[in-house]
Structures are given as structure tokens and as C-alpha cells.
Amino acid sequence: MGRRLAARIAVAAAVAAVASCGDCSPDSPCEIASREERWAEAVELCHRAAQASPDRPELIRLTASALEALEYSGQEDEALAAAERLFGSALDADARQVAGTVRMRRGELGAGQQ
């Protein structure tokens, strides 16, 4: 799959996550940043909202979608930094996948890590 197609799929998934978040407040900072495709901000805002409301799994999905969209949008430095901040959270697996993808693309993984 080409990188542009992957980027479009990630963005579409993030937008769909916003649309399907029936219990989310449409005026919440998380929702606004996601709708406006401000992915770095959306990752932070949605993660904070998910931490404050652990009974809201849709916020975790929305954070993961925003993180993937950030990575696929070509903002690799921002995606890597955001992913590393999410290590050890409910989004650990998603964060490690994004971080690994960025590092692999940059050739930063050692032979035993690929």
C-alpha cells in the first residue's frame, strides 16, 4: 500500500472515529482538534480526556486514530514524540507501533529490532 493511500485511510479512520463518538461532546477540545485535523493537538487533548474518563473507550479509539493520522500525515517528529509520551498508557501498543514505524522508516532500528 502506498504511503499516500495509507495516510488517507488513517485520516478517514480518525474522522470516522469522531463521527461515531456519539457520547462525545461535539464542542470538546478533543473533538474540535480532531475535526479540524490538528492531529498533534488531538492526540494530547483526547488522551487527557480518556485519562479523565476511563469508562469512555471511544476516547481511546479517537486518540489512537489521531496518533496514526499524525504519523501518516508526514509529521514524523511530532508522531514519534507523541507516541513516546503514550508508552505505558492504555495506548501503549498503538504508540509502540507508530514509534517503530517511524524509526524503521528512518533506519534507526538495530538488526535485532527489525
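You'll find the structure just up there.
## A word on the overall build of the chain
- Check the secondary structure of the chain and you find 6 helices and 0 strands.
- Listing every helix and strand of the chain by position from the N terminus yields α-α-α-α-α-α.
- Within the chain, buried positions represent 39% of all 114 residues.
- Long-range contacts, defined here as pairs at least 24 residues apart, represent 56% of the contacts in the chain between residues at least 6 apart.
- Taken as a whole, the chain presents about 6,300 Å² of accessible surface, with 51% of it coming from carbon and sulfur.

## Observations regarding the packing of aromatic side chains
- Here the structure, examined in full by the defined rule, presents 0 aromatic pairs.
- The ring of Phe 87 has Arg 96 lying over it, and the distance from NZ or CZ to the ring centre is 4.1 Å.

## Let's talk about the nonpolar core
- Core analysis: the largest hydrophobic core is formed by 25 residues, its most contacted members being Val 43 and Leu 67.
- Secondary structure elements with two or more residues in this core: α2 (29-35), α3 (39-52), α4 (57-72), α5 (76-86) and α6 (92-106).
- It is α4 that contributes the most residues to this core, 7 residues altogether.
- When neighbours within four sequence positions are excluded, Val 43 is seen to be in contact with Thr 63, Ala 66, Leu 67, Leu 70, Ala 82 and Leu 86.

## Description of the state of the cysteines
- Considering all chains together, one arrives at 1 disulfide under this definition.
- A sulfur-sulfur distance of 2.0 Å marks the disulfide that ties Cys 30 to Cys 46. Taking the sign of the S-S torsion, about 95° here, the bridge from Cys 30 to Cys 46 comes out right-handed. Of this pair, Cys 30 sits in helix α2 while Cys 46 sits in helix α3, and the two are 16 residues apart along the sequence.

## Description of the packing of α5 against α6
- Contact geometry for α5 and α6: axes closest at 8 Å, N-to-C directions at 145°. Taken as a pair, α5 and α6 cross one another with a handedness that is left-handed. Between α5 and α6, the residues in contact are Glu 76, Asp 77, Ala 79, Leu 80, Ala 83, Glu 84 and Leu 86 and Asp 92, Ala 95, Val 98, Ala 99, Val 102, Arg 103, Arg 105 and Arg 106, respectively.
- Among the residues forming the contact of α5 with α6, the class breakdown is 8 nonpolar, no polar and 7 charged.

Calculation notes
Residues numbered from 1 in each chain as written. Predicted model: local features only at pLDDT ≥ 70, side-chain atom pairs only at ≥ 80, totals over all residues. Heavy atoms only, no water. Helix = DSSP H or I, 4+ residues; strand = E, 2+ residues; numbered from the N terminus. Buried < 20%, exposed > 50% of the residue type's maximum accessible area, 1.4 Å probe, protein only. Contact = heavy atoms within 4.5 Å. Areas by Shrake-Rupley, 256 points an atom, 1.4 Å probe, with all protein chains shown as cover. Phe/Tyr/Trp six-rings, centres within 6.5 Å; stacked < 30°, edge-to-face > 60°. Lys NZ or Arg CZ within 6 Å of the ring centre and 35° of its normal. Core = buried A, V, L, I, M, F, W, Y, C linked by side-chain atoms within 4.5 Å. Disulfide = S-S within 2.5 Å. Axes fitted to C-alpha atoms, helices over the stretch in contact; angles between N-to-C directions. Left-handed = near helix turned anticlockwise from the far one by under 90°. Nonpolar A, V, L, I, M, F, W, Y, C, P; charged D, E, K, R; others polar.

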